[in-house]
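An overview of the molecular structure
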Amino acid sequence: MTSSSSPSQDTKRLAQTYPEGLRADALMEEDVAWSHETDSQWDGEQFDRSDRAALRRVAGLSTELEDVTEVEYRQLRLERVVLVGVWTSGTVQDAENSLAELAALAETAGALVLDGVIQRRDKPDAATYIGSGKAQELRDVVLETGADTVICDGELSPGQLIHLEDVVKVKVIDRTALILDIFAQHAKSREGKAQVALAQMQYMLPRLRGWGQSLSRQMGGGKGGGLATRGPGETKIETDRRRIREKMAKMRREIAEMKTGREIKRQERKRHKVPSVAIAGYTNAGKSSLLNRLTGAGVLVENALFATLDPTVRRAETPSGRLYTLADTVGFVRHLPHHLVEAFRSTMEEVGDSDLILHVVDGSHPVPEEQLAAVREVIRDVGATDVPEIVVINKADMADPLVLQRLLRVEKRSIAVSARTGQNIDQLLALIDNELPRPSVEIEALVPYTHGKLVARAHDEGEVISEEHTPEGTLLKVRVHEELAAELTPYVPAPLA
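In this text the structure is predicted, and so the values were computed from the model without any measurement.

**Points about the overall build of the protein chain**
Across its full length, the protein chain carries 17 helices and 13 strands. In the form shown here, the protein chain has an accessible surface area of approximately 28,200 Å², with 52% of it arising from carbon and sulfur atoms.

Written out as structure tokens, the structure reads:
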């Protein structure tokens, strides 16, 4: 015998089973004849149409902090990247070293490297850099790793950038854009920021892309247009390019003005015949550490690429008491973007105008010869090939002894040091003293005590061989430049008859 439940009983049962907000109006007693047959056709919780279309919150997924005191221990989400390189020449080890350096650059920029791939080709593909088939494989790698950016180990043309992005469906950047981003993060001085901004605009100008309204024409002619305004007009992207060119011209003028101040200081040092030494080298080779060890400058030292960009000039003294200036320059890297070389040319002039270059190389690097070649290429670009060079092999305490022996044998004017432990720093100072240009005139003068300034200048600008205090004055035997020698000539003792 079958029995049907009354609508009031079913309503009470629904009220006990389902929450208030989950009962559908279609199940109300005035709309449906209640029966066990209808009841058996339910396929789960019944919702209103508006409830079905609405976003449903899933409990337990939020990672929002309940205690605000924990916020300092929380890590920011880093950009997740996949690296891709094209191996055109050299050994596979060279290609892997280049990609490892790209990974270090990406980490310095604040990215999380998930994977890296290399393709063997005679030359990069003109359309997608790695070829259409490999671009599809790269897309699979991106999906598998969950990356949101692809970084290419080379400079991509605007066409390669667009086509590769169309295939992999995530943001694509090249080595040049990555280095520019690092420079933008680390530039602190007004001049450094201006130089980086100029390099970024030079890089972005040919890569501007427009969609929709960016390609529309600006209105010309009409009642209020006047003469020379009729016609199709320029597109918005052309307007953007024109504005960027105007900003670049303004930035070049500002950099030229800032360059004047540095030139005045450099001329002042030349006028006083103070020798200058420039520290050049690969990024993260230990240039700032060496500057701190030699002068106590207190420059930022960090195990990161391009940690310091702004040049630092400090006063130093040789073991024999001669004064000279020591300048720390921006670090170099393989395939340094030509935009940066142009923008930082005024800063790199410190290398070209110096009397001696300390070429610092990382002795613990697997292939330090590649670092030497990359730095010398930039030195040639700034016209400093005639400046004497001492190769300083840093990090000797961590380097392979065989690598040190090989470098010391190949590089005739070289020395192995450790800026961290102070190993061979005294020998380096003595080598600097021997290599710096010496004053050309040797003179002996009896300077009266009333002309003590000449004695002080002889100590500051020349090389004192001997000094004796007599009743008539200070008897100096010094090696000085021609100008100071002319001022000391009246006090040269007369020869004995």
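**Quick notes on the side chain of Ser276**
The residue Ser276 is located in strand 5 (residues 276-281) in this model. The class of Ser276 is buried, set by a relative accessible area of 13%. Setting aside residues up to four positions removed in sequence, Ser276 forms contacts with Thr325, Asp353, Ser354, Asp355 and Leu356.

**What to know about the side chain of Asp328**
Looking at the secondary structure, you find Asp328 in strand 7 (residues 323-328). It turns out Asp328 is buried and unbridged, and the closest side chain with the opposite charge, Lys287, is 5.3 Å from it. Within the structure, Asp328 has its side chain in polar contact with the side chain of Ser288 (distance 3.0 Å).

**Comments concerning the sheet that holds strand 11 (residues 441-447)**
Judged by pairing direction, the sheet is antiparallel, and its three strands sit side by side in the order 11-13-12 without closing on themselves. Edge strands, defined here as strands with exactly one partner in the open sheet, are strand 11 and strand 12 (463-469). Direction aside, neighbouring strands of the sheet carry axes that sit 10° apart on average. Where strand 12 lies against strand 13 (residues 474-480), six bridges are found, and the strand directions are antiparallel. Each residue of the ladder has a partner; that of His469, found in strand 13, is Thr474.

**Side note on the sheet that holds strand 7**
Taken in spatial order, the six strands make up an open sheet running 6-7-5-8-9-10, and their pairing is mixed. Only two strands of the sheet have a single neighbouring strand rather than two, namely strand 6 (312-317) and strand 10 (414-416). Each strand of the sheet is rotated relative to its neighbour by a mean of 25°, with strand direction disregarded. The sheet contact formed by strand 9 (residues 389-394) and strand 10 spans three bridges and is parallel. Its bridge partner lying in strand 10, Ile393 is registered against Ala416. Those strands touched by helix 10 (residues 287-295) are strand 5, strand 6, strand 7, strand 8 (356-362) and strand 9, and its axis lies near 155° from that of strand 7. Packed onto the sheet, helix 15 (residues 425-435) meets strand 5, strand 7, strand 8, strand 9 and strand 10 and runs at close to 150° relative to strand 8.

**Brief notes about the packing of aromatic side chains**
This structure, assessed with the given rule, holds zero aromatic pairs. Above the face of the Trp87 ring, Arg120 is positioned so that its terminal group lies 4.5 Å from the ring centre.

**Here we look at the pattern of salt bridges**
Under the counting rule described, the total for this entry stands at 15 salt bridges. The closest approach of N and O atoms between Glu389 and Arg376, which form a salt bridge, is 3.0 Å. Pair noted here: Glu389 is in strand 9 and Arg376 is in helix 13 (residues 368-381), with a separation of 13 residues, a long-range link. Looking at Arg376, the relative accessible area reads 24%, which means it is partly exposed.

**Topic: the pairing of strand 2 (residues 111-120)**
Successive residues of a regular strand alternate their side chains across the two faces of the sheet. In this structure, strand 1 (residues 79-87) lies alongside strand 2, joined through nine bridges in parallel fashion. Note that in strand 2 the partner of Val82 across the bridge is Asp115.

**A short note on the nonpolar core**
Formed by 62 residues in total, the largest nonpolar core has its most connected members in Phe332, Leu358 and Leu428. Per-element accounting of this core gives the leading share, six residues, to helix 7 (residues 175-186). Filtering out sequence-adjacent residues up to four positions away, Leu428 remains in contact with Leu290, Leu294, Leu358, Val392, Ile415 and Val417. Grouped together as the second largest cluster of nonpolar side chains are 19 residues, Val141, Val150, Val170 and Val172 included.

**Comments concerning the packing of helix 4 (residues 92-108) against helix 7**
Close contact between helix 4 and helix 7 brings their axes to 9 Å; oriented N to C, the two are set at 35°. Handedness of the crossing formed by helix 4 with helix 7: left-handed. The segment helix 4 lies against helix 7, with Ser98, Glu101, Leu102, Leu105, Ala106 and Thr108 engaging Arg175, Leu178, Ile179, Ile182, Gln185 and His186. When the residues that make up the contact of helix 4 with helix 7 are grouped by side-chain class, the tally is six nonpolar, four polar and two charged.

**Some words on the confidence of the model for the protein chain**
When the pLDDT values of the protein chain are averaged, the result is 77; 74% of them are 70 or greater. Counting interchain partners and residues more than four positions distant, the pLDDT-below-50 stretch residues 62-76 has five contacts.

**Considering the pairing of strand 1**
Counting buried positions over the nine residues of strand 1 gives seven, a clear majority of the element. Taken together, strand 1, helix 4 and strand 2 constitute a β-α-β crossover, and its handedness is right-handed. Sheet topology places strand 1 next to strand 3 (residues 149-152); four bridges connect them, and they run parallel. For Val82, the partnering residue across the bridge sits in strand 3 and is Val150.

Analysis parameters
Residues numbered from 1 in each chain as written. Predicted model: local features only at pLDDT ≥ 70, side-chain atom pairs only at ≥ 80, totals over all residues. Heavy atoms only, no water. Helix = DSSP H or I, 4+ residues; strand = E, 2+ residues; numbered from the N terminus. Areas by Shrake-Rupley, 256 points an atom, 1.4 Å probe, with all protein chains shown as cover. Buried < 20%, exposed > 50% of the residue type's maximum accessible area, 1.4 Å probe, protein only. Contact = heavy atoms within 4.5 Å. Lys, Arg positive; Asp, Glu negative; His and termini not counted. Salt bridge = Lys/Arg side-chain N within 4 Å of Asp/Glu carboxyl O. Polar contact = N/O pair within 3.5 Å; in protein donor to acceptor, adjacent residues only side chain to side chain. Pairing = 2+ DSSP bridges. Axes fitted to C-alpha atoms, helices over the stretch in contact; angles between N-to-C directions. Phe/Tyr/Trp six-rings, centres within 6.5 Å; stacked < 30°, edge-to-face > 60°. Lys NZ or Arg CZ within 6 Å of the ring centre and 35° of its normal. Core = buried A, V, L, I, M, F, W, Y, C linked by side-chain atoms within 4.5 Å. Left-handed = near helix turned anticlockwise from the far one by under 90°. Nonpolar A, V, L, I, M, F, W, Y, C, P; charged D, E, K, R; others polar. pLDDT = per-residue confidence, 0-100. Right-handed = clockwise from strand over helix to strand, strands pointing away.

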